[in-house]
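Notes for the structure review
The primary structure of each chain is shown beneath.
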Amino acid sequence: MSKGFYKAKNTRTVPLLEILTMAAETLWSNKLRTGLTMLGVIIGISSVIAITSVGQGVQKGVEQQIQALGTDVIQILAGAARSGNVRQGVGSSSTLTWEDAKAIATQAPSAQMVSAYLQRSAQVVYAGQNTSTTIYGTDLNYPEVRNTRPQQGRYFTQDELDTAAQLAILGPTVQKTLFGQGVNPIGEKIRIQGEAYEVIGVMEPKGSQGPMDRDDQIFIPLTSMSKRLVGNNALVGVSVSGILVKGANQEQLEAAQFQVTNLLRLRHNIYPPQADDFRLTNQADIVSTFTNIVGLFTVMVVAIAGISLVVGGIGIANIMLVSVVERTREIGIRKAVGATNSAILNQFLAEAIVISIVGGGIGMVTGVLLAFVAASVFKFPFVISFLSIVAGFALSLTVGLIAGVIPARNAAKLDPINALRSD
């Protein structure tokens, strides 16, 4: 028989602390049942906190990666080529040239800085090591526009660009693959599609952007890329894969987007209703779109996790109802010695609240630990929202109140004579 039922021998008002102490003693005397009852609340609260944290961490991580590349940048990609009736990927056609980039730099007032690049995948060899990586042929403005600079060595100069010098700046991933961890590659010669290139620098690490490793790249002069690796396949000028346009701020970027679109249409003789042979992408729009998508996905998953809280509440209610049946005789004895209906109601309600609060506390700690482990393993920022902690505590308290009301009322309404006759 539970010790708590003999604490109040008269009809005096039982202090809150005494009610909670009695509830804790009763629950402690049935550890297994109490633990199983708490499990639903623990799973629900920890899921809500962990999923919210993971969603916010992933969102912040991707935002940081995109911002590291510059949110004040417009990317212009060459159009898609067609083979028969099959449309190939964006950038497969030679619709953009270096001359287009130079025209944008001089004729688009809102364009603060412009950079053209040519991109291809190629096999790179050094001694007995080789790797397949992405080669970027760039001009001198690329490091500034893309907000990426050498952490070792240097970038090439204007003279080296003009003379199509065979120089290379490696990304950190390529450096580790070809030379090994901690080895200085400056001055060494690598071979790109059979051509020898001298390594003059190593770029600072940028990490991954989705499935793309931003460090698995090599940068060479655009002129060298065009002449030696790709060939001048444009009808006029040097063909490029894309053009980057940097604006002074977001307002200037929107103006630059309008100016660049009209300028390229004029240069390419495109008039309505003809389709553009290029595509513009605004980095700020990418950040905004991704944030909205991740936000909606997080809300959806948190809502699903919240269902486990409802299940946890049902579990508390079921166990408390069973507890009322098991302790019917004890309730009758307590009423016989003077316990009021409100005392019985408070006792059972307190037990349900203690279960939910303790379970909620364990769930909050578990959720934070799960979020920390996920952030450490998958390498995204560890973010814990104070709002999610407060919401978790409020949810656990609400679950306890709702789940405990019906069982507590049933216990309080028991007739003492019938309760005493119960086996």
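Residues numbered from 1 in each chain as written. Predicted model: local features only at pLDDT ≥ 70, side-chain atom pairs only at ≥ 80, totals over all residues. Heavy atoms only, no water.

This next bit is on the overall build of the protein. The helix and strand inventory of the protein stands at 13 helices and 16 strands. Within the protein, buried positions represent 46% of all 423 residues. Long-range contacts, defined here as pairs at least 24 residues apart, represent 75% of the contacts in the protein between residues at least 6 apart. On the protein, roughly 20600 Å² of surface is accessible, and the fraction owed to carbon and sulfur atoms is 60%. (Helix = DSSP H or I, 4+ residues; strand = E, 2+ residues; numbered from the N terminus. Buried < 20%, exposed > 50% of the residue type's maximum accessible area, 1.4 Å probe, protein only. Contact = heavy atoms within 4.5 Å. Areas by Shrake-Rupley, 256 points an atom, 1.4 Å probe, with all protein chains shown as cover.)

With that out of the way, let us pick up helix α12 (residues 386-412). An α-helix turns once per 3.6 residues; consequently, residues spaced three or four apart project the same way. With 27 residues, α12 should reach 39 Å at 1.5 Å per residue; the first-to-last C-alpha distance of 38 Å fits that figure. Its maximal kink placed at V405, α12 deviates by approximately 35 degrees, while the proline P407 follows within four residues. Buried within α12 are the following residues: S388, G392, S396, V399, G400, A403, G404, P407, A408, A411 and A412. (Expected span 1.5 Å × (residues − 1). Bend = angle between axes of the 7 residues up to and from the residue.)

What follows is about the confidence of the model for the protein. Chain-level statistics for the protein give a pLDDT mean of 82 and a share of 87% at 70 or above. By mean pLDDT, strand β3 (residues 86-87) is the weakest element of the protein at 41, and strand β8 (residues 167-170) is the strongest at 97. Across residues 81-92, where pLDDT falls below 50, the model places 22 contacts with residues more than four positions away in sequence or in other chains. (pLDDT = per-residue confidence, 0-100.)

On to the UniProt feature "transmembrane region" (unreviewed entry) in the protein, then. As recorded in UniProt, the sites labelled "transmembrane region" (unreviewed entry) are residues 36-55, 293-325, 352-378 and 384-406. Split by type, residues 352-378 is 100% helix and 0% strand. Its first and last C-alpha atoms lie 38 Å apart. Split by type, residues 384-406 is 91% helix and 0% strand. Its first and last C-alpha atoms lie 35 Å apart. (UniProt positions renumbered as here; feature names shortened; annotations may be inferred.)

Here we come to helix α1 (residues 16-28). Helix length check: α1, at 13 residues, gives a terminal C-alpha distance of 18 Å against a target of 18 Å (1.5 Å per residue), a fit within 8%. What α1 keeps buried is the set I19, M22, A23, T26 and L27. Each buried residue of α1 lies within a common arc of 130 degrees when the element is viewed along its axis, so the set occupies one face. In this structure, α1 carries L17 and W28 as exposed residues pointing more than 90 degrees from its buried face. (Arc of directions from axis to C-beta.)

Next up on the list: the pairing of strand β9 (residues 189-192). Burial of β9 is one-sided: the residues I190 and I192 facing one way are buried, the residues K189 and R191 facing the other way are not. Judged from the two bridges that link them, strand β5 (residues 113-126) and β9 form a sheet pairing that is antiparallel. Bridging across to β9, V125 finds its partner in R191. Strand direction decides the pairing type here: β9 and strand β10 (residues 195-203), joined by four bridges, are antiparallel. Counted as the bridge partner of K189 is E198 from β10. Between β9 and β10, which pair antiparallel in sequence order, lie two residues; one of them, Q193, sits at a positive phi of approximately 50 degrees. (Pairing = 2+ DSSP bridges.)

Pairs can form between side chains of opposite charge once their charged atoms are near each other. What the rule picks out here adds up to five salt bridges. Close ionic contact of R149 with E144 constitutes a salt bridge, the shortest N to O distance being 3.0 Å. A relative accessible area of 32% places R149 in the partly exposed class. E144 gets classed as partly exposed once you look at its relative accessible area, which sits at 38%. With its nearest N and O atoms 2.9 Å apart, the salt bridge here joins R265 to D276. Of this pair, R265 sits in helix α8 (residues 250-267) while D276 sits in the loop between α8 and β16 (278-282), and the two are 11 residues apart along the sequence. (Salt bridge = Lys/Arg side-chain N within 4 Å of Asp/Glu carboxyl O.)

Our next topic: the environment of K176. Note that K176 resides in helix α6 (residues 172-179). Considering only alpha carbons, one finds K176 and D216, 40 residues apart in sequence, at a separation of 9.8 Å.

Packing of helix α11 (residues 341-378) against α12 leaves a shortest axis separation of 7 Å and a crossing angle of 155 degrees. Between α11 and α12, the angle is such that the two are roughly antiparallel. As α11 runs across α12, the sense of the crossing is right-handed. Contacts between α11 and α12 involve N341, I344, L345, F348, L349, A352, I353, S356, I357, G360, M364 and V368 from the first element and I389, F393, S396, L397, G400, L401, G404, V405, A408, R409, A411 and A412 from the second. Residue composition of the contact of α11 with α12, grouped by class: 17 nonpolar, six polar and one charged. (Axes fitted to C-alpha atoms, helices over the stretch in contact; angles between N-to-C directions. Parallel < 35°, antiparallel > 145°, perpendicular 65-115°, else oblique. Left-handed = near helix turned anticlockwise from the far one by under 90°. Nonpolar A, V, L, I, M, F, W, Y, C, P; charged D, E, K, R; others polar.)

Before going further, it helps to spend a moment on the nonpolar core. In this structure, I76, I104, I190, I192, I218 and V245 are the most contacted members of the largest nonpolar core, which totals 58 residues. Of all the elements, β5 adds the most residues to this core, at seven residues. Setting aside residues up to four positions removed in sequence, I76 forms contacts with L96, I104, S241, G242, I243, V245, V260, L264, F278, R279 and L280. (Core = buried A, V, L, I, M, F, W, Y, C linked by side-chain atoms within 4.5 Å.)

Here we come to the packing of aromatic side chains. Summed over the entire model, instances satisfying the criterion amount to eight aromatic pairs. For the pair Y117 and Y142, a centre-to-centre distance of 6.3 Å together with 70 degrees between the ring planes defines the contact as edge-to-face. Of this pair, Y117 sits in strand β5 while Y142 sits in helix α4 (residues 142-145), placing them 25 residues apart in sequence. Centre to centre, the rings of F372 and F382 are 5.4 Å apart; their planes meet at 85 degrees, and the pair counts as edge-to-face. Highlighted residues: F372 in helix α11 and F382 in the loop between α11 and α12, separated in sequence by 10 residues. F372 sits in the partly exposed class, given a relative accessible area of 46%. (Phe/Tyr/Trp six-rings, centres within 6.5 Å; stacked < 30°, edge-to-face > 60°.)

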